[in-house]
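# Observations on the three-dimensional arrangement
These are the residues of each chain, in order.
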Amino acid sequence: MFIKDVVEEYFSAWDRAFITKDPSEIKSFMSEKFVGYWAHSGLDRPQEYDYHYDLVSVLNQYQDATKNFKVESISPRKNGQEYIVMGCETAVISGAEYPAKCMFIWREENHEWKLIREYIELER
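A few points on the structure. This structure is a prediction, so every number in the text was calculated from the model and none was measured.

## What about the sheet that holds strand E1 (residues 30-39)?
Taken in spatial order, the 6 strands line up as E2-E1-E6-E5-E4-E3 in an open sheet, and their pairing is mixed. Taken across any chain shown, the strands that pair with only one partner, and hence form the sheet edges, are strand E2 (47-50) and strand E3 (65-77). Across this sheet, the average inter-strand angle for adjacent strands is 20 degrees, counted without regard to direction. Note that strand E5 (residues 96-109) and strand E6 (residues 112-122) share 10 bridges and pair antiparallel.

Right, dumping it as structure tokens:
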């Protein structure tokens, strides 16, 4: 499976989880070593979270939400064992759009692509 397909499946898993409130499919894409960073212009430092953060609480905050992602670049590293995927994520929450610039680091672990890091900077 190409990394672009993996990214599309990851975002589809988010959309299904917004409906079911079950984070297990999202978690299946994450490495147990996963670390994420989320920020916006009002924060002095990004908020850090990891594989064990409470996705159920995140999902329960949204009754009408979807996410989509437009890939802007894909860069292999470590001879194709990792990929840096950069692009723009747009969360649509109750009809309002929240665009963010993102960088995702994917690594092959046990013949599966796993998300090891993400950096999300909300544009609003």
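That was the structure; now back to the text.
## Describing the layout of surface pockets
In this model, the largest pocket occupies a volume close to 550 Å³. The wall of the largest pocket is formed by 23 residues, among which Trp38, Val58, Tyr62, Lys67 and Ile120 lie closest to the centre. Of all the secondary-structure elements, those providing two or more residues to the lining of the largest pocket are helix H1 (3-20), E2, E3, strand E4 (82-93), E5 and E6. Sort the elements by how many residues they give to the lining of the largest pocket and H1 lands first, with 4 residues. Grouping the amino acids of the lining of the largest pocket by side-chain chemistry returns 17 nonpolar, 2 polar and 4 charged.

What counts, and where the lines are drawn
Residues numbered from 1 in each chain as written. Predicted model: local features only at pLDDT ≥ 70, side-chain atom pairs only at ≥ 80, totals over all residues. Heavy atoms only, no water. Pairing = 2+ DSSP bridges. Helix = DSSP H or I, 4+ residues; strand = E, 2+ residues; numbered from the N terminus. Axes fitted to C-alpha atoms, helices over the stretch in contact; angles between N-to-C directions. 1 Å grid on protein atoms, 1.4 Å probe; cavity = no way out; pocket = protein on both sides within 12 Å on 5 of 7 lines; lining within 4 Å. Points joined across faces, edges and corners; volume = space filled by probe spheres on them. Nonpolar A, V, L, I, M, F, W, Y, C, P; charged D, E, K, R; others polar.

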